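# Descriptive analysis of the structure
Single-letter residue listing:
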Amino acid sequence: MTLEASPDHSEVASLLEPLDAGLETALAGLHARLARDAQLVHTLDIAYRIVDSPLGKLLLAATDRGIVRVAFELENHGDVLQLLANTVSPRILQAPARLDDAARQLDEYFAGARREFDLILDFRLSRGFRLNVLQHLPRIAYGRTESYAEVAVAAGSPNAVRAVGTACATNPLPVIVPCHRVVKSDGSFGGYLGGADAKRALLTLEAAA
Amino acid sequence: MEPEQAVSKRPFEAVVQEQGATVLRVCRAVLGTHDAEDAWSDTFLAALQAYPDLPPGANVQAWLVTIAHHKCIDHLRAGSRRALPVDSPPERPSGLGIPGGGHAELLDAVAGLPPKQRQAVAYHYLAGLPYKDVADLLGGTPDAARRAGADGVKSLRNALADPPALAHSFSKGELR
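Presented here is an overview of the structure given in this document. (Residues numbered from 1 in each chain as written. Chains lettered and ligands numbered in written order. Predicted model: local features only at pLDDT ≥ 70, side-chain atom pairs only at ≥ 80, totals over all residues. Heavy atoms only, no water.)

## Section: the overall build of chain A
This is how the line gets drawn: Strands are runs of DSSP state E lasting at least two residues, helices are runs of H or I lasting at least four, and both sets are numbered from the N terminus onward. Each residue gets one of three labels from its accessible area relative to the maximum for its type: buried under 20%, exposed over 50%, partly exposed in between, using a 1.4 Å probe on protein chains only. In this analysis, two residues are considered to be in contact whenever any of their non-hydrogen atoms come within 4.5 Å of each other. Here the open area of atoms and residues is found with the Shrake-Rupley method and a 1.4 Å probe, where only the protein chains shown may cover a residue.
When its secondary structure is counted, chain A shows nine helices and six strands. Counting across all 209 residues of chain A, residues that qualify as buried make up 48%. The long-range fraction of contacts in chain A, counting pairs at least 24 apart against all pairs at least 6 apart in sequence, stands at 62%. About 10200 Å² of surface is accessible on chain A, with carbon and sulfur atoms providing 51% of the total.

See the structure below:
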């Protein structure tokens with residue numbers, strides 16, 4: 001009798017399969033609706049989207065204060081989102097609308113048609129001296145470079161050359177905050193969190209425009 | 001950062017990707033295809049709101065099904081308030097004879113089940129909740145939940161075995 005009272009699970013699941021009709025299409029629409037609704041009721045702490053670029057896919061993430069993170073594929077987008085969940089908020093959705101402006105300006109930049117970004121940035125992932133460094137970087141003009149030592153002076157700590165390197169290597173907003181314009185005193189590129197090729201590509205792009 | 005946050009909770013996007021389909025199946029079984037979408041939206045919006053307070057390591061699927069259960073009940077109540085008494089139910093397009101059919105019959109058969117049976121089938125067979133948890137949602141004992149689930153499945157099988165007879169029994173028997 002017990003057996004009769006517990007029909008086989010997989011058999012029942014296949015019996016119920018008609019409930020799956022059009023499920024994927026419905027879910028795509030529902031996801032978009034959730035992103036919209038969440039934005040409206042202010043429960044979406046981080047919106048993100050993935051955009052194509054000459055440097056590969058870029059993850060763009062924004063809080064309600066501004067763009068908070070740009071990440072290269074090399075950094076592993078899943079890891080980056082998990083870190084945002086741990087440090088800012090797990091209320092994260094793929095919600096492209098909040099990043100329309102950023103995506104458009106990046107397209108223009110990579111096309112050589114934009115020299116400065118006009119975006120509101122959220123620097124909450126950076127503190128102290130690293131923040132000073134990042135806030136100085138946009139003052140390095142498009143197509144120009146500065147050495148780590150020059151940036152250290154500009155950020156108010158001439159001896160902190162190594163810390164400038166760390167600030168650049170942990171820049172949460174690469175490309176938009178141009179850490180790629182900081183190079184070694186001997187003129188070699190130095191490291192880059194998107195890889196040396198990405199840094200070379202950006203400097204070449206800016207030199208050509 | 002509080003230490004609890006260090007025990008990582010996944011981005012909500014991952015929860016939607018992983019659980020969205022199951023929750024939609026459950027809502028479809030309990031409410032029908034149309035209202036299911038509103039219930040799904042209500043469920044995930046409420047879940048997103050409450051997500052930071054969910055204890056790390058909690059069973060996310062059971063948590064979502066519980067929210068969906070309450071949202072579906074809201075819709076069932078709103079639906080019965082909206083519904084006007086009619087002499088006979090509106091004609092539905094028949095799926096009979098349509099290739100790959102049986103879909104409409106199954107959906108009609110699920111819709112024709114008493115709510116408790118529909119819920120028991122959805123929560124146990126679609127969401128995989130043990131009957132003990134199903135009973136927590138529906139009230140009553142785990143045995144009663146198990147019976148409701150088994151009766152529901154039996155009715156569905158009968159309905160699919162003999163669809164035309166079923167259509168008649170709905171128009172008179174089940175609707176008051």
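What follows picks up the thread again.
## Quick word on the pattern of salt bridges
Rules: Salt bridge, as used here, is a side-chain nitrogen of Lys or Arg placed within 4 Å of a carboxyl oxygen of Asp or Glu.
Going through the model one piece at a time under the given rule, you end up with 15 salt bridges over all chains. The closest approach of N and O atoms between D38 of chain B and R33 of chain A, which form a salt bridge, is 2.7 Å. With D38 of chain B in helix α3 (residues 33-50) and R33 of chain A in helix α3 (residues 23-40), the pair connects residues from two separate chains. By relative accessible area, D38 of chain B is classed as partly exposed at 29%. Residue R200 of chain A is joined to D197 of chain A by a salt bridge in which the shortest nitrogen-to-oxygen separation is 3.0 Å. Here R200 of chain A pairs with D197 of chain A, and both are found in helix α9 (residues 196-208), just three residues apart, close to one helical turn. Judged by relative accessible area, R200 of chain A falls into the partly exposed class, the value being 39%. By relative accessible area, D197 of chain A is classed as exposed at 58%.

## Digging into the interface of chain B and chain A
Applicable threshold: Summed over both partners, the accessible area lost on bringing two parts together, with a 1.4 Å probe, is the buried area.
The partner chain A presents 37 residues to the 42 residues of chain B that form the contact. Each partner contributes to the roughly 3700 Å² buried at the junction of chain B and chain A, and carbon and sulfur atoms together form 66% of this total. Applying the counting rule to chain B against chain A returns three salt bridges. At the level of secondary structure, the elements contributing two or more residues to the side of chain B that touches chain A comprise α2 (12-31), α3, α5 (103-112), α6 (115-126) and α8 (142-161) of chain B. Here the side of chain B that touches chain A gets ten residues from one element, more than from any other, and that element is α2 of chain B.

## Thoughts on the layout of surface pockets
Residue and element names in this part refer to chain A. Where we set the bar: Only protein atoms enter the calculation, which uses a 1 Å grid: trapped sets of points that fit a 1.4 Å probe without letting it out are cavities, open sets showing protein on both sides within 12 Å along at least five of seven lines are pockets, and any residue with an atom within 4 Å of a point is a lining residue. Grid points are joined across faces, edges and corners, and a volume is the space filled by probe spheres set on the points. The residue classification treats Ala, Val, Leu, Ile, Met, Phe, Trp, Tyr, Cys and Pro as nonpolar and Asp, Glu, Lys and Arg as charged. All others, Gly included, are polar.
Of the voids in this model, the second largest pocket is the one considered here, and its volume is about 280 Å³. Along the wall of the second largest pocket there are 15 residues; nearest its centre are E116, F117, P138, I176 and P178. The residue inventory of the lining of the second largest pocket, partitioned by class, reads twelve nonpolar, no polar and three charged.

## Here we look at the packing of aromatic side chains
This is how it is decided: Aromatic rings from Phe, Tyr and Trp, taking only the six-membered ring of Trp, are treated as a pair when their centres fall within 6.5 Å; an angle between ring planes under 30 degrees marks them as stacked, one over 60 as edge-to-face, and anything in between as tilted. As a reminder, the over-ring test applies to NZ of lysine and CZ of arginine, requiring each to be within 6 Å of the ring centre and within 35 degrees of the ring normal.
In total, this model carries eight aromatic pairs over all chains according to the counting rule given. Measuring from ring centre to ring centre gives 5.4 Å for Y109 of chain A and F110 of chain A, while their planes differ by 70°; the resulting arrangement is edge-to-face. Neither residue differs from the other here; Y109 of chain A and F110 of chain A are each classed as buried. Through a chain of ring-to-ring contacts, the aromatic side chains of F12, W40, F44, Y51 and W63 of chain B assemble into a single cluster. Against the face of Y51 of chain B rests K9 of chain B, its NZ or CZ located 5.3 Å from the ring centre.

## Topic: the sheet that holds strand β3 (residues 67-72) of chain A
All names here are of chain A. How we decide: Two strands are said to pair when DSSP picks up at least two bridges between them. A fitted line through C-alpha atoms represents every axis, and for helices the fit uses only the stretch in contact; the resulting angles, taken between N-to-C directions, go from 0 to 180 degrees.
Across the sheet, which stays open at both edges, the four strands sit in the order β3-β2-β1-β4 with mixed pairing between neighbours. Looking along the sheet, the strands with just one partner apiece sit at the ends: β3 and β4 (92-94). Across this sheet, the average inter-strand angle for adjacent strands is 20°, counted without regard to direction. In this sheet, β4 lies alongside strand β1 (residues 46-51) in parallel orientation, the contact comprising three bridges.

## Comments concerning the pairing of β1 of chain A
Residue and element names in this part refer to chain A. With five of six residues buried, β1 lies mostly within the body of the structure. Pairing analysis gives five bridges linking β1 to strand β2 (residues 58-62), with the strands arranged antiparallel. Bridging across to β2, Y48 finds its partner in A61. Following β1, the chain reverses through six residues before pairing antiparallel with β2; G56 in that reversal takes a positive phi of roughly 95°.

## Some details on the pairing of β3 of chain A
Residues and elements named next belong to chain A. Of all the six residues making up β3, six are buried; the element is thus mostly covered by neighbouring parts of the structure. Bridge count between β2 and β3: five bridges; the pairing is antiparallel. Each bridged residue has a counterpart across the sheet, and for A61 the counterpart in β3 is R69. Two successive antiparallel strands, β2 and β3, enclose a turn made up of four residues, where G66 displays a positive phi of approximately 150°.

## Looking at the nonpolar core
Just so we agree on the cut-off: We call a set of buried Ala, Val, Leu, Ile, Met, Phe, Trp, Tyr and Cys residues a nonpolar core when their side-chain atoms join them within 4.5 Å.
Grouped together as the largest cluster of nonpolar side chains are 64 residues, with contacts concentrated most on L16 of chain A together with F12, W40 and Y123 of chain B. Sort the elements by how many residues they give to this core and α2 of chain B lands first, with eleven residues. Dropping the residues within four chain positions of it, F12 of chain B is found in contact with L34, P90, R91, I92 and L93 of chain A together with F44, A47, L48 and Y51 of chain B. Ranked by size, the runner-up nonpolar core spans 38 residues in total, among them L106, F110, L173 and Y192 of chain A.

## With respect to α2 of chain B
Residue and element names in this part refer to chain B. Put simply, the test is: The span expected for a helix works out to 1.5 Å for each residue beyond the first. To obtain the bend at a residue, axes are fitted to the seven residues ending there and to the seven starting there, and the angle between these axes is taken.
Taking 1.5 Å of rise per residue, the 20 residues of α2 would be expected to cover 28 Å, yet its terminal C-alpha atoms sit only 25 Å apart, more than 12% below that figure. Within α2, the axis deviates most sharply at Q19, by approximately 50°. Counted residue by residue, α2 has 16 buried out of 20 residues, so it is predominantly covered.

## Quick word on the environment of G78 of chain A
Relative to the helices and strands, G78 of chain A resides in helix α4 (residues 77-87). Sequence separation of G78 of chain A and L59 of chain A is 19 residues, and the distance between their C-alpha atoms is 9.7 Å.

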